[in-house]
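Here are the chains, one letter per residue:
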Amino acid sequence: MFRKTFRDLRKNWISFLSVFLMSFICLFIFTGIFHLSQQMDATGKQFSQNSHLADSTLSLTTFNDQKEQRTKELTPIKKVARRSIGHYQNDDLSLTFLTFNHSRLSRPQVIRGAKLSDQDGIWLDEDFFQANKYQLGESFMIEKQKYKILGTVRQPEFIYHTESDDQPLPNHKRSGYAYMSESQFDSLPVYPTRQLLLKTNKESNTPWLEKELSDIWDADYLQLSHTSDSSGLSIFFDRVTQVQRLAFLFSNLFLLLTLITLEATMRRFVKQQQLQIATLKAQGFSRRTILLHYLSFGMIVTFLGSISGCVLGPKLLSPALLSAIGNQFSVPNWLEVQTTLGYAVVAFVTLFSMLITLIPVLPLIGQLPATIMQRQSNQRFKRVWLEQTKLWSYLPFALQWTLRDIQRNIRRAILGVFGALGCMLLLIAALGIKDSIDFSLDSIFNDTYRYEEKISFKKSLDHQEQSASVKNITTDHQWLEQQSVKLLQDSKEQAVIATIVSDGDQLKLPELDLEDLTANQVGLSEALAKSLNVKAKDTLYIKLQQQIIPVYIKKIVPLSAPQGLFFSENTWNNIGQAFEPQNLLLREKDQLAASPLIASKNEKQQQFKDSQKLIEGILMIVSLLILAALVLGITIMMNCHLLIFSERFIEFATLKVLGFTKREIFLLSFLETALLTALGWLLGLPAGKLFLTAYTAMVSTDQQQYLPHITFQSLAIASLVLFICMLLVQGYITVRINRIDFAVALKPAE
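Source: prediction; values computed, not measured. (Residues numbered from 1 in each chain as written. Predicted model: local features only at pLDDT ≥ 70, side-chain atom pairs only at ≥ 80, totals over all residues. Heavy atoms only, no water.)

## Re the overall build of the chain
- Within the chain, the secondary structure is distributed over 21 helices and 19 strands.
- Across its three principal axes, the chain shows a C-alpha extent of roughly 100 × 55 × 50 Å.
- Classification of the 750 residues of the chain by burial places 53% in the buried group.
- Long-range pairs, those at least 24 residues apart, make up 82% of the contacts in the chain with a sequence separation of at least 6.
- Accessible surface for the chain amounts to roughly 34600 Å². Of this, 55% is attributable to carbon and sulfur atoms.
- Side-chain charges in the chain split into 75 positive and 67 negative, and the spacing between the mean points of these groups amounts to 16 Å. (Helix = DSSP H or I, 4+ residues; strand = E, 2+ residues; numbered from the N terminus. Buried < 20%, exposed > 50% of the residue type's maximum accessible area, 1.4 Å probe, protein only. Contact = heavy atoms within 4.5 Å. Areas by Shrake-Rupley, 256 points an atom, 1.4 Å probe, with all protein chains shown as cover. Lys, Arg positive; Asp, Glu negative; His and termini not counted. Charge placed at Lys NZ, Arg CZ, Asp CG, Glu CD.)

## Topic: the pattern of salt bridges
- Throughout the structure, instances matching the rule amount to 20 salt bridges.
- Of the charged contacts in the structure, one is a salt bridge between D55 and K199, with a shortest N-O distance of 3.8 Å. Remark: K199 occurs in strand β9 (residues 193–200) and D55 occurs in the loop between α2 (13–50) and β1 (56–60); sequence separation between them is 144 residues.
- Using a relative accessible area of 27% as the deciding quantity, one classes D55 as partly exposed.
- Residue E68 is joined to K72 by a salt bridge in which the shortest nitrogen-to-oxygen separation is 3.9 Å. Highlighted residues: E68 and K72, both in helix α3 (residues 65–72), separated by 4 residues, approximately one helical turn. (Salt bridge = Lys/Arg side-chain N within 4 Å of Asp/Glu carboxyl O.)

## Overview of the packing of aromatic side chains
- One pass over the structure, following the stated rule, counts 22 aromatic pairs.
- Relative to F352, the ring of F348 has its centre 4.6 Å away and its plane inclined at 40°; by these criteria the two rings are tilted. Taken together, the residues span about one helical turn, with F348 and F352 both in helix α10 (residues 341–365) at a distance of 4 residues.
- By relative accessible area, F352 is classed as partly exposed at 32%. (Phe/Tyr/Trp six-rings, centres within 6.5 Å; stacked < 30°, edge-to-face > 60°.)

## Thoughts on the side chain of E210
- Along the chain, E210 falls in helix α6 (residues 206–217).
- In contact with E210, other than residues within four places in its own chain, are Y221, L224, K486, E493, K543 and Q546.

## Some words on the pairing of strand β12 (residues 477–489)
- Two elements, β12 and strand β18 (residues 583–586), share 4 bridges in a ladder whose sense is antiparallel. Of the residues in β18, the one forming a bridge with H477 is L586.
- Relative to strand β13 (residues 492–501), β12 runs antiparallel, the two being bridged by 10 bridges. Bridge pairing links L487 to Q494 in β13.
- In the sheet, β12 pairs with strand β15 (residues 539–544) via 3 bridges, with the strands oriented antiparallel. (Pairing = 2+ DSSP bridges.)

## Notes on unusual backbone geometry
- Cis geometry marks the peptide bond from A561 to P562, where omega comes out at 0°.
- Note that P562 resides in the loop between β16 (547–557) and β17 (565–568).
- Positioned with a positive phi, S106 is a non-glycine residue whose angle comes to about 50°.
- Position of S106 among the secondary structure elements: in the loop between β3 (94–99) and β4 (109–113).
- Unusually for a residue other than glycine, N533 sits at a positive phi of about 60°.

## So, the pairing of strand β7 (residues 145–154)
- β7 sits mainly inside the fold: 7 of its 10 residues count as buried.
- The sheet contact formed by β4 and β7 spans 4 bridges and is antiparallel. When the sheet's bridge partners are listed, R112 is paired in β7 with T152.
- As paired elements, strand β5 (residues 122–125) and β7 share 4 bridges and run parallel to each other. Looking across to β7, one finds that L124 is bridged to T152.
- In this antiparallel pair of consecutive strands, strand β6 (residues 139–142) and β7, the connection spans 2 residues, and E143 shows a positive phi of 50°.

Listed below in C-alpha cells is the structure:
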C-alpha cells in the first residue's frame, strides 16, 4: 500500500498540485505576515524595556521640589525623574529638544559617540544625523549658537517621529530630536514644558492618581498621559495589531479554500479509483487499511505544501514586507524571532485535510465490493421542477441537459459556484482595498480639508494674538484647536482628540455644519461611535482639568480623518473652556507674514503625497492578494470542473456515439461551466463587498478610518479576470474531452 500511495501520487500529480499550491499559499502568507508582526512587536517591546520607559508623563509649567517630594510619597509611585522638553523650528529643520536625567528612567540609547553626560554638547537623533550626513565632533548651529555633536541616540517614544500630526510620514532629513544637559537647554530659544517621568505600580488607579497629582501641583498641573499613548509608540503598536489581523483574516479564508479544493480533488480521485477500492476489498484488505491509504494522500500533499510555506514565509515574505514597512520606524535593529505557531497551523491544516478526505472515502469503503464496482446512477433521471412548466419545452436541449445535471448533483454544482465566488471575493478585496484607500484620502484632502496651507504655532494663541496674526489676511481662514480630552464610559477613561474650530469651511465635516452646534452639542466620528457603541442624541461625559462635563451628540460624522469629538468655538466656550488655537487654516498659500510664533507651514498637497507613501506596505500585501486570487481562482475552478468532467465523461462518450458532434459536446460542457461561473460571479459581488468592509476595518487605525469603496473599473477588471480564468479552465476541459477514448469509456465495469 505504501508503494501504491507514491505511485498514485506520481500518476496524478497534476490533480494534487492544486492542493499543494493552496496549502503552500495558505501557510506562506500566514507565517510571512504573522512573523513580521511578531518581529515588530518583539523589537518595540525590547526597545522600550532597554530604555526603562516610564509608565506615565506628568506635564507641568514649572518644577517644585516640595511638590515633587509629595509626588514621590504617593503609594502608586515607584520612581520619579525630571525632564524638560521644547520644540525648535526654522525653515530648514524641526527639532524636539529634551534634557536627560541621570536615572535610568526613559533613558535614550546611545548609538555612537560619547555616553550621556553634563559636558557641553548635543546628542542628535541617529536618523536625523545620518540623513544630514553630520560627523561626530562637528558643530551644530541653533540661532548662531554652536553645539558640538557628541553622539547619537534613539528613544522609543520617537520610534515613529514626524514634524507634527499633519505630517503622516517621517522626514528624517528635516525633523528629529536631540538631547542635551539642563543648563544648555535653558539657553535654547524654545517654549519649555517641564515633565516628571513616573514609574508606577501595575495596580495603580489612573483616575485617582490624576486627581491626587492635580491637587498637589494645583496651577502648575497641565496633563498626565500614558507613555504608551504617545503618538510614536501608539502608531507603531497599532501597525503591529493591523498586520496581525491581516495574517489571521486571510489565513482563515485561504484555509477554507484549501479544504474545499482538497475535498473536490479527493472526490474526483476516489471516483477514478472506485474499481481499485472494490478490488482491494475483494482481496481481503481491511477497511482500516484502505481508509489509512486514502487518508495518506491528503496528509502527504497538504503537509508538504504547508510545511514549505511555513518555512519560506518568514524567510522570503517577511523581509520583503519589512523593507516596505520597517523603514518608517526608528529602531536600533530588527530582532529575529522564532515562533511555533506556524508549525501548529501546519499540524492543524494537515489534520483537517485528513478529516476532509473522510467525506468521499467513508461512504464507499463501507459497501460490498460488487456494489462499489457498479456504476451508481440512482438520481440521474430525476426531473427538475422546470420540467413541470410550459417554459421547459421552449428551452434549448443544451440548457435542459445542463439543468438536469446540476439538479442531479447539487453538491457538485455548489462547489463549482463556490470556486467562482471565492475567486471573485479575493479579487474584489485586493482591488477594493486600493480603491478604498484612494477614496479615503480623496475624501480627506478634497472634501474634509479645504485649505491649501496649515500654519502651526509654537504655542496656543489667545484672542488678541489671533487678531494680530490675521489682521493683514484678506482670504478666507479658519482657526483650529486640538486637545486631548478624557472620555468617560462605564467607569473607564479613554483619551480622544477634541477638534475645535472657529467659523469657516476650511475644515468641512460631512453631514454636519459646525456653526449650527449650540449649547453643549458636539459631533462624533463614526468609527469612534462604533467602538463606544453610542449613537446620535446620546450624552457622553468628558473630563477637562478635572471637571466632568456632559456633551450631547448631535450627529455621528462618517469620515476617514480626523477622528474624535468635534466642537464649534461657541460650544467650547459654552462648556467653560477658552478657545486658544494652535493652528490656522488658509484658503490660499503664502498669506501669512513671517513671525517668531510660527512653528511650521504645511501644504495640503505635500500631506497628500506623504499619506500615499505611508500605505506602500499595505499595497504590497494587496499585490500578493491579487496574485493569490489568480492562483486560487484557477485551481479551485479547475478542481471543481475536473470533478464534473470525471463524473460525466461517460455521458460525453454516449453523446458522441449517438451522433453529437465535438462542437455540440463542447457547447454542453461550456454551458455548465459558464452557468456555474456566472452564478458564482453574481454571489461574489455582495460577498466581496462584505469582505472588503471587514478588510478595511482591519487595516484602519485609531487615527484614520478607511472607508470601504470599490470603483466600477475595479469591478469590471475583477469580472474580466474571473471569466478569463473560466476560459482557461474550459480550455483544459476541452483538451480532456478530446482525449476521451469513447470505446473504452463505454465498456461496462460490472
